[in-house]
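Descriptive analysis of the structure
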Amino acid sequence: MKHSVVIKGNRSGMTVFLNPDIPFTELLEAVGRKFRESAKFWGSVQMTLTFEGREISAREEYELVNVITENSHIDVLCLIDTNANRIERCEKALNEKLMELTAQTGQFYRGTLKGGETLESEASVVVIGDINVGAKVIAKGNVIVLGKLSGTAYAGASGNPQTVIAAMEMQPMQLRICDATIRHGRDRSRKLGHGPMVARLEDGEIKLQAFKKPFLNFF
């Protein structure tokens, strides 16, 4: 028997596979039940969401998102589809926005930092690549990673509390802004969520947020 709902994680969030052969009202109940049962596993996260398996209208999408958020602690950032061109355009637009953050005063590093390597900057720095576990970036300004941040990032090394750390995929071992530090263990990816995120200081503590239009205005 085909499952009514199947959930799979992906690089930027999750994909929900929907049974195309059951009535939509029955499907809604199945989705609510599935997310209620798995709420503890996913935890409190922010994710993008993709629906696959059946054609759904905008109204049905709205109802599905509502039932997911009502039965879990997931904050759905946006819906994406499997249209490769559309996804590519979204990624390009986000990359361009991140590049703007340090285009005037920062430096660029192209390549992946491997374990044991350290990159230091007197201003802000954009890493066009990944920062692997064991690698470290230290900047007096912002740290922007156009890739996956799995190592350590230190922004505001000169004491500027307005600096930020941003990454296309935020899964760090350690983040530091000025004198504030947070560390994450093996389950850090589930706690932080997936996809593009920004870390900044709020009341002396480092807070992480997924990219949203109001937050981008902070820069």
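Since this is a predicted model, take the numbers as computed values, not measurements.

A tally of helices and strands in the protein yields 6 helices and 15 strands. Burial status across the protein gives 46% buried among its 219 residues. In the protein, the proportion of contacts linking residues at least 24 apart, taken out of those at least 6 apart, comes to 40%. For the protein, the accessible surface area stands at approximately 11,900 Å², while carbon and sulfur atoms represent 47% of it.

Take the side chain of R54 next. Mapping R54 onto the fold places it in the loop between strand 3 (45-52) and helix 3 (58-70). Buried charge R54 goes without a salt bridge, the closest partner of opposite sign being E60 at 5.3 Å. At 2.7 Å, the side chain of R54 forms a polar contact with the backbone oxygen of N19. At a separation of 3.0 Å, a polar atom in the side chain of R54 contacts the main-chain carbonyl oxygen of I22. Ignoring sequence-local partners within four residues, the contact set of R54 consists of L18, N19, P20, I22, F24 and L27.

The next subject is helix 1 (residues 24-37). The end-to-end C-alpha distance of helix 1 is 20 Å, a good match for the 20 Å that 14 residues give at a rise of 1.5 Å each. Taken as a whole, helix 1 has its buried residues at F24, L27, L28, A30, V31, G32 and F35.

It is worth spelling out the nonpolar core at this point. By size, the foremost hydrophobic cluster in this structure holds 25 residues, and its most contacted members are V143, L149, I165 and L175. Of all the secondary-structure elements, those providing two or more residues to this core are strand 7 (125-128), strand 8 (136-139), strand 9 (143-149), strand 10 (152-155), strand 11 (165-170), strand 12 (174-177), strand 13 (180-183) and strand 14 (197-202). What V143 contacts, discounting residues up to four positions off in sequence, is V125, V137, A153, Y154, A155, V164, I165 and A166. Among the nonpolar cores identified, the runner-up in size contains 24 residues, and I22, L27, A30 and F51 belong to it.

Counting across every chain of the model gives 1 aromatic pair. Taking the centre distance of 5.1 Å and the plane angle of 80 degrees together, the rings of F41 and W42 count as edge-to-face. Given a relative accessible area of 10%, W42 falls into the buried group.

The next thing to look at is the pairing of strand 13. Covered by surrounding structure in strand 13 are A180 and I182 only, the residues T181 and R183 on the alternate face being uncovered. Across 4 bridges, strand 12 lies against strand 13 in antiparallel orientation. Note on strand 13: the bridge partner recorded for L175 is I182. Between the antiparallel neighbours strand 12 and strand 13 lie 2 residues, among them C178 with a positive phi of about 55 degrees.

Bringing the sheet that holds strand 10 into the picture now. Pairing within the open sheet is mixed, and its 5 strands lie in the order 6-8-10-12-13. Bordering the open sheet on either side are strand 6 (118-121) and strand 13, each of which pairs with just one other strand. Adjacent strand axes in the sheet meet at a mean angle of 5 degrees when their direction is disregarded. Note that strand 10 and strand 12 share 4 bridges and pair parallel. Paired with A155 across the bridge in strand 12 is I177.

Attention now goes to the pairing of strand 10. Every second residue of strand 10 is oriented toward a common face, with T152 and Y154 on one face and A153 and A155 on the other, all of them buried. Two elements, strand 8 and strand 10, share 3 bridges in a ladder whose sense is parallel. Directly across from K136, in strand 10, lies its bridge partner T152.

Below, the discussion takes up the confidence of the model for the protein. A low pLDDT score tells you not to read the predicted coordinates there in detail. Of all residues in the protein, 75% have pLDDT values of 70 or greater, and the mean over the chain is 79. When mean pLDDT is compared element by element in the protein, strand 10 scores highest at 96, while helix 6 (residues 213-216) scores lowest at 39. Confidence drops under a pLDDT of 50 for residues 213-219, and excluding neighbours within four residues, the segment shows 11 contacts in the predicted structure.

How each quantity is defined
Residues numbered from 1 in each chain as written. Predicted model: local features only at pLDDT ≥ 70, side-chain atom pairs only at ≥ 80, totals over all residues. Heavy atoms only, no water. Helix = DSSP H or I, 4+ residues; strand = E, 2+ residues; numbered from the N terminus. Buried < 20%, exposed > 50% of the residue type's maximum accessible area, 1.4 Å probe, protein only. Contact = heavy atoms within 4.5 Å. Areas by Shrake-Rupley, 256 points an atom, 1.4 Å probe, with all protein chains shown as cover. Lys, Arg positive; Asp, Glu negative; His and termini not counted. Salt bridge = Lys/Arg side-chain N within 4 Å of Asp/Glu carboxyl O. Polar contact = N/O pair within 3.5 Å; in protein donor to acceptor, adjacent residues only side chain to side chain. Expected span 1.5 Å × (residues − 1). Core = buried A, V, L, I, M, F, W, Y, C linked by side-chain atoms within 4.5 Å. Phe/Tyr/Trp six-rings, centres within 6.5 Å; stacked < 30°, edge-to-face > 60°. Pairing = 2+ DSSP bridges. Axes fitted to C-alpha atoms, helices over the stretch in contact; angles between N-to-C directions. pLDDT = per-residue confidence, 0-100.

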